[in-house]
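# Topology and contacts: notes
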Amino acid sequence: MASSSCLLRLASSIVASLPKFTFDLQFVRVQAETGVPSALFTLVKDEELSIQMPGLKQTETEEGVWVSFEINVPAGRNNQLPGMRIGFEGFNFFFQLQTPETVYLASIKLPEMFNPHADLKVTIVDGACSVCLPTQKTVDPFLAKANINRNLIRPTPYCEMFDRSELGRMLCEVIAHPGVKSKSFTAYKKDTDESIYFRGNLAGVKMLVIREGLCVWLSMPGFELGDVEAGFESDTLIIEGKREGEHYIAGVRVPEGFCKENDVIKREMEDGVFKATLPRVQCVSLDG
């Protein structure tokens, strides 16, 4: 799929031992091909990715359309951040901002009244990054002919990729790779009529070895035990929860010494936290 997710591309590059892809304006240009009116991609410490569609707050003023999103800015660094880049391609405006721990990528379809001859304004104040796309009193002829759909279109690749056969399988290979420190992953999608939200993390599953075996916890607010399945893909325990509009997938690389059979998994749910317990492998004595 041409516009596959950031996590899938990361998975592919690791499994194939290829150089890591760059999370930059070129990446977000590819994502804009999905026809999404606006999107915000956030990558924290190269481990946690979140995607929001639509991703930008829009406010119309006399000078133009202000688009904004929240950012984590160190104290006293307003309007002083490096790593800021902007770009245009076709009917889209692209924006990149980098802080010490986080990279933000944003895209938005240009407004019909966009004025390509006026200057952009960018402000970073009180934890919000805002860009003014200047407008004029008449519709830009180029944009008028484009007939741009500014509504969220279904399906998008972010809806279709989310199942164990693709996303889960690829991320299982990632955490099995010897060069990857994390041995678990989590992914969550919420899909409503108005928006799509996605969050993926190379970590996020709590594990603890107790007397009975290995315990694994995953926070799944609002889910019931009947919404969740747990089973093995080779040495990886996959936890998957589905209900209308929401979907969780998590994987844990189970170490040696614990049973890896589906029928021995003890499953529990309490206050929106799913718990799976895997018993220890029983040692068999060879003494007569």
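These notes cover the structure that comes with them. Here the structure is a predicted model, which is why all the values come from computation and not from measurement.

Time to look at the overall build of the protein chain. Scanning the protein chain from N- to C-terminus turns up 5 helices and 18 strands. Burial status across the protein chain gives 47% buried among its 288 residues. At a minimum sequence separation of 6, the contacts of the protein chain that also span at least 24 residues come to 60%. Carbon and sulfur atoms form 49% of the exposed surface of the protein chain, whose accessible area is close to 15200 Å².

Let's shift gears to the pairing of strand 17 (residues 266-270). Bridging between strand 17 and strand 18 (residues 273-279) involves 5 bridges; their strand directions are antiparallel. Bridging from a neighbouring strand, Glu270 pairs with Val273 of strand 18. Connecting strand 17 to the antiparallel partner strand 18 that follows it, the hairpin turn spans 2 residues, and Asp271 within it adopts a positive phi of roughly 50°.

We now examine the packing of aromatic side chains. Applying the stated criterion across every chain, the model contains 7 aromatic pairs. Taken together, a centroid distance of 5.8 Å and an interplanar angle of 40° make the contact between Phe88 and Phe114 tilted. One end of the pair, Phe88, is in strand 5 (residues 85-89); the other, Phe114, is in the loop between strand 7 (102-109) and strand 8 (121-125), with 26 residues separating them in the sequence.

Further remarks concern the sheet that holds strand 18. Taking strand neighbours across the sheet as the criterion, the 4 strands line up as 12-13-18-17 in an open arrangement whose pairing is antiparallel. This sheet does not close on itself; its edge strands, each paired only once, are strand 12 (206-209) and strand 17. Averaged over all pairs of adjacent strands, the angle between their axes in this sheet comes to 20°, without regard to strand direction. Across 7 bridges, the pairing between strand 13 (residues 213-219) and strand 18 is antiparallel.

Relative to the helices and strands, Glu256 resides in the loop between strand 16 (246-253) and strand 17. By relative accessible area, Glu256 is classed as exposed at 66%. Taking the C-alpha atoms as reference points, Glu256 and Asp235, separated by 21 residues in sequence, lie 9.0 Å from one another.

Cut-offs used in this document
- Starting from 1, residues in each chain are numbered consecutively following that chain's sequence as written.
- With pLDDT at 70 or above as the cut-off, local features in this predicted model cover only qualifying residues; side-chain atom pairs require 80 or more to be listed or tallied, and sums for whole chains, interfaces and linings still use all residues.
- To get the side-chain values, all heavy atoms of the structure are used, and hydrogens and water are removed first.
- Strands here mean DSSP runs of E at least two residues long; helices mean DSSP runs of H or I at least four residues long; both are numbered from the N terminus.
- Each residue's exposure class comes from its accessible area (1.4 Å probe, protein chains only) as a fraction of the maximum for that residue type: buried when under 20%, exposed when over 50%, partly exposed otherwise.
- We call two residues contacting when some pair of their heavy atoms lies within 4.5 Å.
- The Shrake-Rupley method, run with a 1.4 Å probe sphere, supplies the accessible areas, and residue values consider only the shown protein chains as cover.
- Between any two strands, at least two bridges found by DSSP are needed for them to pair.
- Two rings from Phe, Tyr or Trp (for Trp, the six-membered ring) form a pair when their centres are within 6.5 Å of each other. A pair whose planes differ by under 30 degrees is stacked, one over 60 is edge-to-face, and the rest are tilted.
- Throughout, an axis means a line fitted to C-alpha atoms (over the contacting stretch in the case of helices), and angles, computed between N-to-C directions, take values from 0 to 180 degrees.

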